[in-house]
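# Close look at the chain arrangement
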Amino acid sequence: MPQIVIPVKNITTTPELVTCANCQACCCQLEVRIVTDTGVPFHYIEYDKWGSEVMKRADDGWCQALDRNTLMCSIYENRPLVCREFEMASDECITERELGGI
């Protein structure tokens with residue numbers, strides 16, 4: 001009797017672990033309101049239509065403090081509170097990655 005081989009398929013739905021190596025900085029396209037003084041350099045700050053301080057964004061929507069070569073924050077030690085609280089691989093991070101097609 002011939003032996004039937006059933007191919008094994010990877011059926012896991014676990015998303016790839018988000019690390020610094022594959023982050024792609026999608027959160028750096030979100031609006032960032034500055035609500036506490038963390039030392040963000042003034043040249044990275046602008047004011048929205050309500051007068052609140054926000055991080056400046058480039059014409060393409062990316063945060064001005066993002067280093068485009070490394071996709072890492074150029075003012076990491078002085079980044080706004082909301083950036084400090086936005087955790088890599090958190091539910092919010094995964095949602096933003098999905099919305100960005102990552």
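For the structure, see preceding data.
Residues numbered from 1 in each chain as written. Predicted model: local features only at pLDDT ≥ 70, side-chain atom pairs only at ≥ 80, totals over all residues. Heavy atoms only, no water.

Attention shifts here to the layout of surface pockets. Approximately 740 Å³ is the volume found for the largest pocket. In terms of lining residues, the largest pocket is bounded by 30 residues, among which C23, C27, C28, C73 and Y76 are the most central. Looking at the lining of the largest pocket, the elements that each hand over two or more residues are strand 4 (72-73) and helix 1 (81-85). Of the residues forming the lining of the largest pocket, the biggest block, three residues, is contributed by helix 1. Within the lining of the largest pocket, the residues separate by chemical class into 23 nonpolar, three polar and four charged. (1 Å grid on protein atoms, 1.4 Å probe; cavity = no way out; pocket = protein on both sides within 12 Å on 5 of 7 lines; lining within 4 Å. Points joined across faces, edges and corners; volume = space filled by probe spheres on them. Helix = DSSP H or I, 4+ residues; strand = E, 2+ residues; numbered from the N terminus. Nonpolar A, V, L, I, M, F, W, Y, C, P; charged D, E, K, R; others polar.)

Within the structure shown, the criterion is met by two salt bridges. Salt-bridge contacts for R33 lead to D48; the nearest nitrogen and oxygen are separated by 3.1 Å. Here R33 is found in the segment before strand 1 (45-47), whereas its partner D48 is found in the loop between strand 1 and strand 2 (53-55), with 15 residues between them in sequence. A salt bridge links R68 to D60; the shortest N-O distance between them is 3.0 Å. (Salt bridge = Lys/Arg side-chain N within 4 Å of Asp/Glu carboxyl O.)

Let's shift gears to unusual backbone geometry. Its identity as a non-glycine residue notwithstanding, Q24 has a phi of 65 degrees, on the positive side. Turning to its location among the elements, Q24 is positioned in the segment before strand 1. Here Q24 falls in the partly exposed class, since its relative accessible area comes to 43%. In this structure, A25 takes a positive phi of about 50 degrees despite not being glycine. Judged by relative accessible area, which is 2%, A25 ranks as buried. (Buried < 20%, exposed > 50% of the residue type's maximum accessible area, 1.4 Å probe, protein only.)

A word on the side chain of R97. Note on placement: R97 falls in helix 2 (residues 91-99). Those residues within four positions of R97 in sequence are excluded, and the remaining contacts are V18, N22, C23, C26 and I102. (Contact = heavy atoms within 4.5 Å.)

Together, E85, E87, D91 and E92 make up a region of like negative charge exposed at the surface. Within the secondary structure, E87 sits in the loop between helix 1 and helix 2. (Patch = residues over 30% accessible without salt bridge, like charges linked within 9 Å, V, L, I, M, F, W, Y side chains within 5 Å. Areas by Shrake-Rupley, 256 points an atom, 1.4 Å probe, with all protein chains shown as cover. Lys, Arg positive; Asp, Glu negative; His and termini not counted. Charge placed at Lys NZ, Arg CZ, Asp CG, Glu CD.)

Here the focus is the packing of aromatic side chains. A full pass over the atoms with the stated rule returns zero aromatic pairs. Over the face of the ring belonging to Y76 we find R79, whose NZ or CZ atom lies 3.8 Å from the ring centre. (Phe/Tyr/Trp six-rings, centres within 6.5 Å; stacked < 30°, edge-to-face > 60°. Lys NZ or Arg CZ within 6 Å of the ring centre and 35° of its normal.)

All quantities given are derived from atomic positions and should not be read as evidence of function.
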